[in-house]
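Structure at a glance
This is what each chain is made of:
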Amino acid sequence: MEKITNTAIRNIAIIAHVDHGKTTLVDAMFKQSGLFREGQTVDDRMMDSMDLERERGITIAAKNCAINWNGTKINIIDTPGHADFGGEVERALSMADGAILLVDASEGPLPQTRFVLDKALKKGLKIIVVINKIDRDDARPAEVLDEIYSLLIDLDATDEQIEFPHLYAVGRKGIVMEKPDIPGKDLHLLMDMIVDEIPAPVSDKDAPFQMLVSDLSYSDYMGRLAIGKIINGSVSSRKDLVCIQESSRQLPLKVSKIQVYSGMGVKDAVEAVAGDIIVLSGIEDVHIGDTICTSEHPKALPRIRVDEPTVFMKFTNNTSPLAGRDGKLVQASKIQARLIKESLMNVSIRVEEADDKESFIVKGRGEFQMAILIETMRREGFELCVGRPQVIFRYENDRKLEPIEDLLIDCEGEYSGIVTEKLLKRKGSLTRMEHRENGRVRLEFSVPSRALIGYRDEFLTDTRGTGIMNSSFAGYEAFRGHFPSRFTGSLVSDRQGKAVPFALFNLEARGALFIQPGDDVYEGVIIGEHSRGNDLNVNPCKTKNLTNMRASGKDDAVILTPVPPMTLEKAIQFIGDDEMVEVTPKIIRLRKTILSAHGRKVVVRQGAAA
């Protein structure tokens, strides 16, 4: 069948590790394209539209936008740089014909750069490399360029992909240059290179309309929206189409409106042609990976396939004595409906009902992805309890397999010993060690995914907050054996009430506290970390005995050690297998799964007897 090329369009994804300047570069491209009038005040990091993205400085959800450059429309797909959001990456790359690989001029390509780049290369995308932040004092652009060549060779890139064009940039200033020592003025070189190097979308000349649904959205006015790239043909509004689902079931539909991307938003269009990325409204029962095509020639496109989940967490409704005080959405049915909605919008999340019918197993890519989901739900008014993240094991030929991560550590040389010791205890193996001129050491490990659950805070403590840790999923290997995940126990409240300064002052000798005076407690809530390996039931509500006797030192003021606020990530990483995190819109508490001290003893005795 004869092919036609839509030279008026380029579809490009931007790939980068977290904090390598991707969103800042997109801002500069907006300004360079003339999207804003001169002197207009615009926000920084415009593509980070979610509150959580702005707070954390990362991209969580893949998003689309479009600019015009010398008569060519460039659809830009902003992809997350964190491996936990790999599902977002895979569906975003299904709309792209090429990619910009953005790499920090000092840090070089990191594990999650490798993860996203591998996906792009396997899809055969044309790559443009931009080495960013060359104005850093520790920039080493020549070495980083060599590292990128080595990375592409490791990823089995084709000869054509290895011969990539490259530029150097200072993204925050909006300039690119051909060589690091030649001053740049603007982004003209990059914009021209996108038009010249990235292939225009190609389609079959006489093929009927076909579109792959790569994203979903929702409008209060238009209902569910299907977003994707037109693979073949063209479409106009009010046209009768069909949606082919995973089971090959065909659902008739009528498109009520067509929109195309323009700048940060969308605009209405009467017709859209092959190669463009569009938003269709008027489609209710649609899922990511479905094909929308004509009713006369229904033919499904290959579905979007994502890597299997590697971790799971148990979600359940809040069963504590303080349930219902803060949240509006507390019922298990509403939690289930919200989780199912998330699985429809995020292809890398799976939701299953647990055996007890009252809780739900949520499977995903990593604990950070889970933490973002939980934080989003609590901001929406949900109250729930979640268990400790657990890895998903596989069994093949009577062998137990577990997920393995490639871990990259960058720390001061003096801390490399303690970091290596801790990771070797967690069944990790050191694969590479490199000493840098600035006194820092780069360590590469192969570690089980379960070894990293709860390790990040310990790592930051061991490196005095100066270490950088990044990991990416490497695959499944034989089970490496058991190791202790935590060497300390918990301080557990034995009654309900409010925490009292006198009691907390006397408990400080037992370990690090998580609560402050006046905080609500109940039997089974965890108020701190015990300095020994066992759990200890304590009374945080104990008051001072009042007598009419006076003695020296008896009336000294109680001065407590300041307690940092409990964060969701810290709570998830701390809890043990028999503990949960109680999450409400206002507070995060740690608690035992079985609140009663007697009930916990019964379970321990039953386990010993078994």
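Attention in this report is confined to the structure presented alongside it. This one's a predicted model, so the numbers in the text were calculated from it and none came from an experiment.

1. Quick word on the overall build of the protein chain
Summing up its helical and strand segments, the protein chain has 15 helices and 37 strands in all. The burial tally for the protein chain puts 54% of its 610 residues in the buried class. Carbon and sulfur atoms form 48% of the exposed surface of the protein chain, whose accessible area is close to 28400 Å².

2. Digging into unusual backbone geometry
One non-glycine residue with positive phi stands out, namely Asp156, at about 60 degrees. The topology assignment puts Asp156 in the loop between helix 5 (141-154) and helix 6 (159-162). By relative accessible area, Asp156 is classed as exposed at 66%. A positive phi angle, close to 55 degrees, is found at Arg464, a residue other than glycine. Looking at the secondary structure, you find Arg464 in the loop between helix 12 (456-462) and strand 29 (468-478).

3. Here's the deal with helix 8 (residues 332-345)
The end-to-end C-alpha distance of helix 8, which contains 14 residues, comes to 20 Å, matching closely the 20 Å that a straight helix rising 1.5 Å per residue would cover. Of all the residues in helix 8, the buried ones are Ala332, Ile335, Arg338, Leu339 and Glu342. The arc enclosing the buried residues of helix 8, seen along the axis, measures out at 125 degrees, which places them on a common side. Facing away from the buried side of helix 8 by more than 90 degrees, the exposed set consists of Ser333 and Lys341. Each element contacted by the buried residues of helix 8 is listed here: strand 20 (311-316), strand 21 (350-353), strand 22 (359-364), helix 9 (367-379) and strand 23 (384-387).

4. A word on the packing of helix 8 against helix 9
The relative placement of two packed helices comes down to the angle between their axes together with the axis-to-axis distance. At a minimum axis separation of 12 Å, helix 8 and helix 9 run at an interaxial angle of 130 degrees. On the basis of the axis angle, helix 8 is oblique to helix 9. For the pair helix 8 and helix 9, the crossing hand works out as right-handed. In contact with Ile335, Arg338, Leu339 and Glu342 of helix 8, helix 9 contributes Leu373, Thr376 and Met377. Residues of the contact of helix 8 with helix 9, tallied by class, amount to 4 nonpolar, 1 polar and 2 charged.

5. A look at the environment of Val273
Relative to the assigned elements, Val273 resides in strand 17 (residues 271-273). Spatially, the C-alpha atom of Val273 lies 9.8 Å from that of Ser203, the residues being 70 residues apart in sequence. If sequence neighbours within four positions are ignored, Val273 has contacts with Asn6, Ile230, Gly233 and Ser234.

6. Concerning the side chain of Ser94
Relative to the helices and strands, Ser94 is located in the loop between helix 3 (86-93) and strand 5 (98-104). Reaching out from Ser94, the side chain makes a polar contact with the side chain of Ser214 at a distance of 2.8 Å. Setting aside residues up to four positions removed in sequence, Ser94 forms contacts with Lys123, Leu212, Ser214, Lys229 and Ile304.

7. As for the side chain of Asp104
Mapped onto the secondary structure, Asp104 falls in strand 5. Separated by 3.1 Å, the side chains of Asp104 and Arg136 make a polar contact.

Here is what the cut-offs are and how they apply
Residues numbered from 1 in each chain as written. Predicted model: local features only at pLDDT ≥ 70, side-chain atom pairs only at ≥ 80, totals over all residues. Heavy atoms only, no water. Helix = DSSP H or I, 4+ residues; strand = E, 2+ residues; numbered from the N terminus. Buried < 20%, exposed > 50% of the residue type's maximum accessible area, 1.4 Å probe, protein only. Areas by Shrake-Rupley, 256 points an atom, 1.4 Å probe, with all protein chains shown as cover. Expected span 1.5 Å × (residues − 1). Arc of directions from axis to C-beta. Contact = heavy atoms within 4.5 Å. Axes fitted to C-alpha atoms, helices over the stretch in contact; angles between N-to-C directions. Parallel < 35°, antiparallel > 145°, perpendicular 65-115°, else oblique. Left-handed = near helix turned anticlockwise from the far one by under 90°. Nonpolar A, V, L, I, M, F, W, Y, C, P; charged D, E, K, R; others polar. Polar contact = N/O pair within 3.5 Å; in protein donor to acceptor, adjacent residues only side chain to side chain.

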